[in-house]
Amino acid sequence: MRRMTGAFLMGALTAGALAVDAGAATAAARTVSRCASAALVPAVVREDGAAGTVYRTIEYRNSGAQACVISGFPTVELVDKRGRVLGGPSGHSGAVGVPVTLRPGGVTEFTLIASDMAGSIEGCTEPGSYRPAVGARVTPPGGGRSRFIPLTQDACVAPGLSTLSVTAVGHVRPGS
């Protein structure tokens with residue numbers, strides 16, 4: 001009788017272990033995918049300046065219906081009033097960081113660092129080599145659809161010259 005009970009118990013434990021493994025596999029199948037660029041809405045939320053540099057905190061809000069993951073460096077390009085790109089794209093500042101999971105409505109941020117000295121950068125000092133930007137195109141890490149955000153500053157016209165750098169997408173704001 002004891003052997004039967006032991007065999008029955010061993011079978012029940014094995015079946016239970018298989019059920020747990022199947023549950024883990026189901027959970028793994030529901031992994032969170034990368035944020036679609038169409039679901040990421042950028043906005044300038046803070047602006048500070050010091051010694052010829054402007055620091056803008058830009059948030060990305062997940063406007064999608066699903067949680068998603070974002071990581072890496074966005075790309076920012078200044079544009080004139082006709083939507084033409086001025087100068088080169090943003091460079092990178094700091095470490096890549098870790099992936100951030102955003103729930104629907106969740107927010108994460110990065111910093112846009114911009115030199116406010118376009119007229120004093122080599123290759124950008126002559127009249128006509130720089131002009132006012134009215135905004136920026138912001139493209140999420142990994143590419144995809146860019147979105148316009150309003151901001152003003154002088155920008156170099158030459159495609160190879162950029163006065164911008166960005167930090168990696170960072171922390172999630174509390175409650176997001």
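The structure displayed is predicted, hence computed values, not measured ones.

Visitor: Help me understand the overall build of the chain, please; the structure alone is not making it clear to me.
Guide: Each helix and strand in the chain was counted, giving 1 helix and 11 strands. Along the chain, helices and strands appear, N-terminal first, in the series α-β-β-β-β-β-β-β-β-β-β-β. When burial is assessed residue by residue, the chain has 32% of its 176 residues classed as buried. Of all intrachain contacts in the chain linking residues separated by at least 6 positions in sequence, the fraction that spans at least 24 positions is 75%. When the accessible area of the chain is evaluated, it comes to approximately 10,000 Å², of which 59% is carbon and sulfur surface.

Visitor: Which parts of the structure should I look at to understand the state of the cysteines?
Guide: Note on terminology: disulfide describes a covalent bond linking the sulfur atoms of two cysteines. Summed over the entire model, instances satisfying the criterion amount to 2 disulfides. Disulfide partners in the chain, listed by the sequence order of the bonded cysteines, are 1-2, 3-4.

Visitor: What is the right way to read the nonpolar core from this model?
Guide: Soluble globular proteins: nonpolar side chains tend toward being buried together. Counting residues in each nonpolar core, the largest one holds 25 residues, and the members touching the most others are Ile 70, Val 76, Leu 78, Leu 102, Phe 110 and Leu 112. Among the elements of the structure, β2 (53-62), β3 (68-70), β4 (75-79), β7 (100-102), β8 (107-115), β9 (130-139), β10 (147-156) and β11 (164-166) are those that each provide at least two residues to this core. Those residues in contact with Val 76 that sit more than four places away from it in its chain are Pro 89, Ser 90, Phe 110, Leu 112, Ala 136, Arg 137, Val 138, Leu 164 and Val 166.

Visitor: I tried to follow the packing of aromatic side chains on my own but got confused; where do I start?
Guide: Here a ring pair, both rings aromatic, is described through the centre-centre distance and the interplanar angle of the planes. A complete count under the given rule lists 1 aromatic pair for this structure. When the centroid spacing of 5.8 Å and the interplanar angle of 40° are considered together, the rings of Tyr 60 and Phe 110 count as tilted. With Tyr 60 in strand β2 and Phe 110 in strand β8, this residue pair connects regions lying 50 residues apart in the sequence. Just as Tyr 60 is buried, Phe 110 falls in that class too.

Visitor: Got a minute to help me understand the sheet that holds β10 in this structure?
Guide: Hydrogen bonding along the main chain pairs the strands of a sheet, whether they run parallel or antiparallel. A sheet is described by the order of its strands in space; here 4 strands give the open sequence β5-β4-β9-β10, paired in antiparallel fashion. Single-partner strands in this sheet number two, and they are β5 (85-86) and β10. Here β4 pairs with β9 via 5 bridges, running antiparallel. Residue pairing in the sheet places Thr 75 in a bridge with Thr 139 of β9.

What counts and how
Residues numbered from 1 in each chain as written. Predicted model: local features only at pLDDT ≥ 70, side-chain atom pairs only at ≥ 80, totals over all residues. Heavy atoms only, no water. Helix = DSSP H or I, 4+ residues; strand = E, 2+ residues; numbered from the N terminus. Buried < 20%, exposed > 50% of the residue type's maximum accessible area, 1.4 Å probe, protein only. Contact = heavy atoms within 4.5 Å. Areas by Shrake-Rupley, 256 points an atom, 1.4 Å probe, with all protein chains shown as cover. Disulfide = S-S within 2.5 Å. Core = buried A, V, L, I, M, F, W, Y, C linked by side-chain atoms within 4.5 Å. Phe/Tyr/Trp six-rings, centres within 6.5 Å; stacked < 30°, edge-to-face > 60°. Pairing = 2+ DSSP bridges.

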